[in-house]
Amino acid sequence: MAGLELQNVRVWFGGQEILKGVDLSVAEGECLALLGPSGCGKTTTLRVIAGFTQPQQGSVQIAGQAMHGTPPYKRNVGLVFQDYALFPHMTIAENVAYGLQMRRLPKPEITKRVADALAMVQLGHVGERFPANLSGGQRQRVALARALVIQPDILLLDEPLGALDRKLRDQMQVELKQLQRRLGITTIIVTHDQEEALSLADRVAVMFNGSIREIGAPAQLYETPGSREVMEFLGSSNILPGRVTARDGRGGQVELAAGIRLHLPLPLPAGSDAIILGIRPEHVELAPHSQADGALAAELVECVYKGSLVEVHTRLSDGGAFQINASAAQVAQLQLGQRGAMIGIRLPAQHIQVFAA
Ligand SMILES: Nc1ncnc2c1ncn2[C@@H]1O[C@H](COP(=O)(O)OP(=O)(O)OP(=O)(O)O)[C@@H](O)[C@H]1O
Ligand SMILES: [Mg+2]
């Protein structure tokens, strides 16, 4: 087992800077989710760690050892590629054995380790089959077994569950988390599914445009993101531009673009009066009506029933969209009315995030 450290890693492809100084530190046994939009450099970061891509600048350390010049097969890193990359002409057992044959392990040892790895992912019975004869979820687990069989110090998973349907993905998430815990293996899992990142990882790193913007525990990053971009990327959010019109010891008076005036008992950014408020839809409260005490008025656009909750889509007076998530029972009880009705909303101060504009 080993920790991992990247310092100021820079990669250019054809004159274009793809990784712009990636700093990342993963503790021994930790599971880190690397999250970010398509093309931001997630796969490239994994390839640098595994040794398939040489950074032009910066360093990679595994267990305190500098990896510069160390080829992939000497790094003891297990990588599950975005598309699994199983060899179609080899059986499942041969696929899993491949990395051990490359390492020239004795045959009985290989046979035993392959059986153990397949059992670990509950696929002991499919060793003689070919990849084409497995389901997507089974292929995914074979790819995982192939990475685990070399007993890697570091496990890198590139969107391992991306091709699976929702139900199978939820199930595999639980299995993956249990396996990772049990083996205590230092893991980076790349995903652009924010729920997956929040539920699987000890910490989440959000990457934009070739560098890591923010890193933290899932709840910390979700509840108190450091920037508007991270807040918007991790889950749904309402973003309200505004200005600070007066400051006092506990916060200040704020006027939003939608004509709404609020007193915020929160620390406001020093230096700039132009601010942005962020609040998650599930933290907005519905008031009984638009004139209710302390409520803001919003025009009802649509109620979308989602099973476990109802998305109430509204419009503020400046035309800006604003979403509230409420329970079906609550929506029924308040009798929100027809499309176009004015309804009341409340923004609990403890759930408002304030960013400098
Ligand atoms: N070998 C390469 N040569 C040139 N450009 C590349 C190469 N590999 C990746 N890129 C570019 O680098 C950028 C980052 O690619 P990368 O595969 O790391 O993104 P990603 O975050 O994994 O995206 P996705 O979520 O779509 O998988 C992209 O613009 C991509 O086109
Ligand atoms: Mg990728």
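Residues numbered from 1 in each chain as written. Chains lettered and ligands numbered in written order. Predicted model: local features only at pLDDT ≥ 70, side-chain atom pairs only at ≥ 80, totals over all residues.

A. How the structure looks around the domain arrangement of the chain. If you check the domain split of the chain, you get domain 1 (4-232) and domain 2 (238-356). Each of domain 1 and domain 2 was reduced to a C-alpha centroid, and the two centroids are 39 Å apart. Domain 1 puts six residues into the contact, and the matching count from domain 2 is five residues. Residue classes in the side of domain 1 that touches domain 2 are distributed as two nonpolar, two polar and two charged. (Domains from an automatic or database assignment. Contact = placed C-beta atoms within 7 Å. Nonpolar A, V, L, I, M, F, W, Y, C, P; charged D, E, K, R; others polar.)

B. Structural context of the sheet that holds strand β13 (residues 261-264). The strand order across the open sheet built from five strands is β13-β12-β11-β14-β20, with neighbouring strands paired in antiparallel fashion. Each edge of the sheet is formed by a strand with only one pairing partner; in this case those strands are β13 and β20 (353-356). Strand after strand, the sheet turns through a mean of 40 degrees between neighbouring axes, direction not considered. Examined bridge by bridge, strand β11 (residues 238-248) and strand β14 (residues 274-279) share six bridges and lie antiparallel to one another. If you follow G242 over to β14, its bridge partner there is I275. (Pairing = 2+ DSSP bridges. Helix = DSSP H or I, 4+ residues; strand = E, 2+ residues; numbered from the N terminus. Axes fitted to C-alpha atoms, helices over the stretch in contact; angles between N-to-C directions.)

C. Expanded view of the packing of helix α2 (residues 92-102) against helix α4 (residues 136-148). Contact geometry for α2 and α4: axes closest at 7 Å, N-to-C directions at 30 degrees. The pairing of α2 with α4 is recorded here as roughly parallel in orientation. The interaxial crossing formed by α2 with α4 has right-handed handedness. Contacts between α2 and α4 involve I92, N95, V96, Y98 and G99 on the former and, on the latter, V142, A145 and R146. Of the residues belonging to the contact of α2 with α4, the class tally is five nonpolar, two polar and one charged. (Parallel < 35°, antiparallel > 145°, perpendicular 65-115°, else oblique. Left-handed = near helix turned anticlockwise from the far one by under 90°.)

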